[in-house]
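Listed below are the residues making up each chain.
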Amino acid sequence: MRDQVDKRDTSAPPVHGIVEDADGVTDVVLAAMNGASNPRLREVMASFVRHLHAFAREAQLTEAEYDLAVDFLNRIGQATHESHNEGILFADAVGFSTLVCLLNNGRNGATETASALLGPFWRDNSPPTANGGSIVRSSTPGPALFVTCRVTGPDGAPLAGVEVDVWQASPAGMYENQDPEQAGMNLRGRFVTDEEGRFWFRSVKPAGYPVPTDGPVGDLLRAQSRHPYRPAHLHVLGHKPGYKTLITQVFVDDDAYLESDVVFGVTRHLIGDYRRRDDGSRPAPDVEAPWYTLDYTFVMEPGEAKRPVPPIK
Ligand SMILES: [Fe+2]
């Protein structure tokens with residue numbers, strides 16, 4: 001008998017208890033997860049379980065709704081592939097991406113930040129492009145746009161040698177990877193800031209676009225009577241060792257969807273001055289009026305330079 005007890009004591013898993021009733025489930029689960037050796041994992045998962053259980057209690061979730069939620073999650077995974085990331089789209093569409101972005105930048109909302117969500121369309125292999133070059137890589141009808149940007153540190157001093165990725169939708173509202181009419185890598189480029197922290201290039205004025213609605217996120221939007229549109233924007237990712245990687249978007253200020261962005265990416269600081277020019281001047285012989293300029297200054301904060309995981313290849 002004594003042998004049996006000893007054997008059980010040395011080989012049995014840690015005990016977390018038996019669930020007595022609905023009220024007691026949460027503590028039992030928290031006890032089960034308490035042995036994680038990674039303290040941050042322990043903290044995050046305990047918070048997640050507490051809030052997930054509180055959500056089910058508050059909503060009085062039915063079994064049919066539980067089934068629907070599990071099916072929804074599974075469909076998010078099934079809709080994700082090399083050129084589309086439904087998981088990010090879902091996080092974006094419920095404001096989760098923007099919340100996490102703002103919690104981690106601009107001192108948790110204490111100061112304005114130049115950061116915004118990455119979105120699902122960044123590719124980590126944009127073509128290196130010289131300053132002054134064009135990211136229009138195949139015929140792309142629409143108003144010309146001349147972008148001139150500066151990157152500075154928090155003290156306003158220029159940051160040279162920042163590797164800057166830019167990517168945008170066409171004037172028809174399509175990224176190149178969604179659109180057989182565009183050459184590969186059209187409207188994408190990688191620049192390096194000069195000694196004065198500047199990078200500049202030619203493009204076309206981006207248009208807003210609907211997020212993909214053929215997956216579960218589209219079902220959710222329709223059920224909530226929400227339109228799927230994003231206001232037009234230019235994506236920017238700035239990378240320099242010693243500085244926190246800057247991920248942001250600069251929005252077109254005359255866009256009708258500025259105040260109803262389906263993924264909640266617009267903050268006041270990120271509304272750009274896309275200035276319309278039809279005064280007869282021509283920045284290049286092939287430019288027709290109206291054309292546009294965008295001047296914008298990005299501020300990068302000292303910190304760890306980490307490249308995000310590309311949402312698509
Ligand atoms: Fe975008």
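Cut-offs applied
- Residues numbered from 1 in each chain as written.
- Predicted model: local features only at pLDDT ≥ 70, side-chain atom pairs only at ≥ 80, totals over all residues.
- Heavy atoms only, no water.
- Phe/Tyr/Trp six-rings, centres within 6.5 Å; stacked < 30°, edge-to-face > 60°.
- Helix = DSSP H or I, 4+ residues; strand = E, 2+ residues; numbered from the N terminus.
- Buried < 20%, exposed > 50% of the residue type's maximum accessible area, 1.4 Å probe, protein only.
- Lys NZ or Arg CZ within 6 Å of the ring centre and 35° of its normal.
- Donors = N, O, S within 2.8 Å, 3.2 Å for Na, K, Ca; no water.
- Tetrahedral: all angles 85-135°; square planar, octahedral: opposite > 155°, others 65-115°.
- Arc of directions from axis to C-beta.
- Contact = heavy atoms within 4.5 Å.
- Pairing = 2+ DSSP bridges.
- Axes fitted to C-alpha atoms, helices over the stretch in contact; angles between N-to-C directions.
- Core = buried A, V, L, I, M, F, W, Y, C linked by side-chain atoms within 4.5 Å.

## Here we look at the packing of aromatic side chains
Think of a pair of aromatic rings as described by two things: how far the centres are apart, and how the planes are tilted against each other in angle.
Move 1: Enumeration according to the criterion identifies 12 aromatic pairs in this entry.
Move 2: The interplanar angle of 15° and the centroid separation of 4.2 Å between the aromatic rings of Phe 121 and Tyr 175 together place this pair among those described as stacked. Placement of Phe 121 in the loop between α7 (106-109) and β1 (144-152) and of Tyr 175 in the loop between β2 (163-168) and β3 (188-192) is noted, with a sequence separation of 54 residues between them. Here Phe 121 and Tyr 175 have matching classes, each one buried.
Move 3: Centre to centre, the rings of Trp 122 and Trp 167 are 6.5 Å apart; their planes meet at 45°, and the pair counts as tilted. Of this pair, Trp 122 sits in the loop between α7 and β1 while Trp 167 sits in strand β2, and the two are 45 residues apart along the sequence.
Move 4: For Trp 122, a relative accessible area of 0% corresponds to the buried category.
Move 5: Among the aromatic residues, those joined into a ring-pair cluster are Phe 191, Phe 199, Phe 201, Tyr 296 and Phe 298.
Move 6: Above the plane of the ring of Tyr 292 lies Lys 205, whose end atom (NZ or CZ) is 4.4 Å from the centre.

## Observations concerning the coordination of the iron ion
Move 1: Bound to the iron ion on the protein side are Tyr 175 (OH), Tyr 209 (OH), His 233 (NE2) and His 235 (NE2), at distances that span 1.9 to 2.1 Å.
Move 2: Considering all four donor atoms around the iron ion, the spread of angles at the metal, 90 to 161°, places the coordination shape in the irregular class.
Move 3: The sequence motif formed by the donor residues of the iron ion is Y-x33-Y-x23-H-x1-H. Pair noted here: Tyr 175 is in the loop between β2 and β3 and Tyr 209 is in strand β5 (residues 209-210), with a separation of 34 residues, a long-range link.
Move 4: Judged by relative accessible area, Tyr 175 falls into the buried class, the value being 1%.
Move 5: Residue classification places Tyr 209 among the buried positions, given a relative accessible area of 3%.

## Describing helix α6 (residues 96-104)
Move 1: Every buried residue of α6 is accounted for by Ser 97, Thr 98 and Cys 101. Along the axis of α6, the buried positions cluster into a sector of 95°, meaning they face one direction only.
Move 2: Tucked into the core, α6 has its buried residues touching α5 (86-93).
Move 3: Just downstream of α6, Gly 106 is the residue with a positive phi angle, here 60°.

## Points about the pairing of strand β4 (residues 198-204)
Move 1: For β4, the buried fraction is high: five of the seven residues fall into the buried class.
Move 2: As defined by bridge partners, β1 adjoins β4 across seven bridges and the pair is classed as antiparallel. Bridging from a neighbouring strand, Thr 148 pairs with Trp 200 of β4.

## Side note on the sheet that holds β3
Move 1: Within the open sheet, the four strands sit side by side as β3-β2-β7-β8. Their pairing is antiparallel. In this open sheet, the two edge strands, each paired with only one partner strand, are β3 and β8 (246-251). Neighbour-to-neighbour, the strand axes of this sheet turn through a mean angle of 20°, independent of strand direction.
Move 2: The pairing of β2 with β3 spans five bridges and is antiparallel. Paired with Asp 165 across the two strands is Arg 190, which belongs to β3.

## Brief notes about the nonpolar core
Soluble globular proteins tend to pack their nonpolar side chains together in the buried interior.
Move 1: Among the nonpolar cores identified, the biggest contains 32 residues, and Val 166, Phe 199, Phe 201, Leu 234, Tyr 274 and Phe 298 are the most heavily contacted of them.
Move 2: Beyond its immediate sequence surroundings of up to four residues, Phe 201 is in contact with Gly 132, Gly 133, Ile 135, Leu 145, Phe 146, Val 147, Val 166, Phe 191 and Leu 234.
Move 3: Listed in part, the nine residues of the second largest apolar core include Phe 121, Trp 167, Tyr 175 and Ile 247.

## Focus on helix α2 (residues 25-32)
Because each turn of an α-helix spans 3.6 residues, side chains separated by three or four positions in sequence point in the same direction.
Move 1: Of the residues making up α2, those classed as buried are Thr 26, Val 28 and Leu 30.
Move 2: As for α2, its buried residues are in contact with α3 (39-59).

## Description of the sheet that holds strand β10 (residues 291-299)
Move 1: In space, the four strands of this open sheet follow the order β4-β1-β10-β9, with mixed pairing throughout. Only two strands of the sheet have a single neighbouring strand rather than two, namely β4 and β9 (274-277). If you compare each strand with its neighbour and ignore which way they point, the axes differ by 20° on average.
Move 2: Alignment of β1 against β10, held across eight bridges, turns out to be parallel.

Geometric descriptors of this kind do not, in isolation, establish any biological role.
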